[in-house]
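Single-letter residue listing:
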Amino acid sequence: MKKIYLLALMGVTVLLASCGHGGQGELVGAYNRKFKNNRIPLGMVYIPPGHTPLGGSDEDITFSQAGPSRMTTISAFFMDQTEISNAEYRQFTNWVRDSIAIAMMGNPAQFMMTKKGAAANAVGGENYIDWRKVGRNGANLWKNKGKGATAGAQASQLDGMYYSGLDALPGRKEFDVRKLEYSYGILNLDKAALGHKDPNSKRQDYIDRYVIAVYPDTMVWKTDYSYSQNDPMVRGYYNHPSYDDYPVVGVSWEQAKAFSHWRTQLYQGVASARKMPMNARMDYDLPAETEFEYAARGGNTKTKYPWGGPYIRNTKGCLQANFKPGRGDYSSDGGIYTVGVKSYFPNDYGLYNMSGNVAEWTKTAYNKSSAPLLHDLNPNFTYVAGKNDSKYLKRKVVKGGSWKDTGYFLQNAVATYEYQDQQRSYIGFRCVSAYPGTDLRN
């Protein structure tokens, strides 16, 4: 028995010694799969980390005193080079439209995940849609070029996607955009931070769930202005090809957040298909107010505008952004309404229109009294208001100024607000994503 015991002990010892690279029971670590950490996402620019004074450094004509100058450190992140365009946002609304259609049709096999010739990959009784196929072939759902009973049956299944009865215009078949809703859930880290140590709490207590109507409100071109002939903008701005590369407007803060979630899922779906490691995937969100201001300054200190100088005109006398230069004057800067997202010169980080064109949503909640409470490392004040909350809790910081604003609102340090459920003809957005490390340059 002793020999058998000694032989067994020796076998275990040899086995343990052979496991891992350290051997001899040494601590060697459990490393995640390595990947190249120097790739800049398509359409984004890298914003390096740094510390700089943020906040007011010039005139305060509103006497708000809401943004005192303070030394701040910001971590590295990626930021969209331009505002989200109509074409980019349309990819989102088309995806929602196609996904609803696929559900109505019972998940047709042409959009299913395939594996080794199988019609579909079913896991746990659920069929999984290959959203890359939807993005590539989704338009075919609406063309109905097929013949026979199958095509007719599919067409009838999609009738609920169109205006009908008295809602429909005679002779026209139009999508009922009110039905384009995006459902999602996110883990609210603010709630989790407050209650995660409560033994009676559950993870579901910290998950916020939303159903958001995602189509832009094209009527903002009428409702934002009294007695103004903007009917052509209502009809054409979001869908006419001429405006594809113009910034999307008529999108609320809630819709911008839904877009950010969808964009994250879109990227992660492709990452999974390519078998990329989990730590290589990206999360998109709206920028914090301080991130936006830090990026707008382009690495310069105490500059008044994103282009660095103290003046709105360059040395040739040309206006450097799309705004309202004077009374009743919207055209002297080259644009009457919005202009293309790559108009004017970028700032020193390569970002376009960080001032002017459209003002932009941030994820920061607007509260004048929050400034003294903010940390000096990545400061941000957040609050996601519910439907029954006071309207004052629904205010979100808007940065950059727009095509209809005067030059004061183009300043890096100036901020205003809008309610999170409101849509405007002069507010758009862009996304950011945190850099997973200290500095891309090192």
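Above this text is the structure in question.
Attention here is on the structure that accompanies the text.

Cut-off values and rules
Residues numbered from 1 in each chain as written. Predicted model: local features only at pLDDT ≥ 70, side-chain atom pairs only at ≥ 80, totals over all residues. Heavy atoms only, no water. Phe/Tyr/Trp six-rings, centres within 6.5 Å; stacked < 30°, edge-to-face > 60°. Helix = DSSP H or I, 4+ residues; strand = E, 2+ residues; numbered from the N terminus. Buried < 20%, exposed > 50% of the residue type's maximum accessible area, 1.4 Å probe, protein only. Lys NZ or Arg CZ within 6 Å of the ring centre and 35° of its normal. Pairing = 2+ DSSP bridges. Axes fitted to C-alpha atoms, helices over the stretch in contact; angles between N-to-C directions. Contact = heavy atoms within 4.5 Å. Core = buried A, V, L, I, M, F, W, Y, C linked by side-chain atoms within 4.5 Å.

1. Observations concerning the packing of aromatic side chains
All told, the structure shown has 33 aromatic pairs when counted by the stated rule. Both rings, one in Y46 and one in Y435, keep their centres 5.6 Å apart while their planes meet at 75°; by these two values the pair is edge-to-face. In this pair, Y46 sits in strand β1 (residues 44-47) while Y435 sits in the segment after β13 (432-434), placing the two residues 389 residues apart along the sequence. Y46 gets classed as buried once you look at its relative accessible area, which sits at 11%. Consider the rings of Y294 and Y349, whose centres lie 6.5 Å apart with planes at 50°: the pair is tilted. Pair noted here: Y294 is in helix α10 (residues 289-296) and Y349 is in the loop between α10 and β9 (359-365), with a separation of 55 residues, a long-range link. Like Y349, Y294 is buried. What links up through ring pairs into an aromatic cluster is the set Y89, F92, W95, Y182, Y184, Y210, Y215, Y238, F259, W262 and F429. Here R263 stacks its cationic end above the ring of Y284, 4.2 Å away from the centre of that ring.

2. Observations concerning the environment of H240
In this structure, H240 sits in the loop between α8 (231-236) and α9 (253-273). Separated by 154 residues in sequence, H240 and N86 place their C-alpha atoms 9.5 Å apart.

3. A short note on the sheet that holds β13
Pairing within the open sheet is antiparallel, and its three strands lie in the order β1-β4-β13. Looking along the sheet, the strands with just one partner apiece sit at the ends: β1 and β13. In this sheet, neighbouring strand axes are inclined to one another by 25° on average, regardless of whether the strands run parallel or antiparallel. Where β1 and strand β4 (residues 77-80) come together, four bridges link them in antiparallel fashion. Counted as the bridge partner of M44 is D80 from β4. Strands β1, β4 and β13 of the sheet are contacted by α10, whose axis makes an angle of about 80° with β4.

4. Considerations on the nonpolar core
One finds Y89, F92, Y182 and F429 to be the most contacted residues of the largest nonpolar core, which totals 47 residues. Residue assignment for this core shows that the elements contributing at least two residues are β1, α2 (86-104), β7 (181-187), α7 (220-223), α8, α9 and β9. Sort the elements by how many residues they give to this core and α9 lands first, with six residues. Residue contacts for Y182: discarding those within four places in its chain leaves F92, W95, V96, Y210, V211, I212, V214, A258, H261, W262 and Q265.

By themselves, these observations are geometric and do not establish any function.
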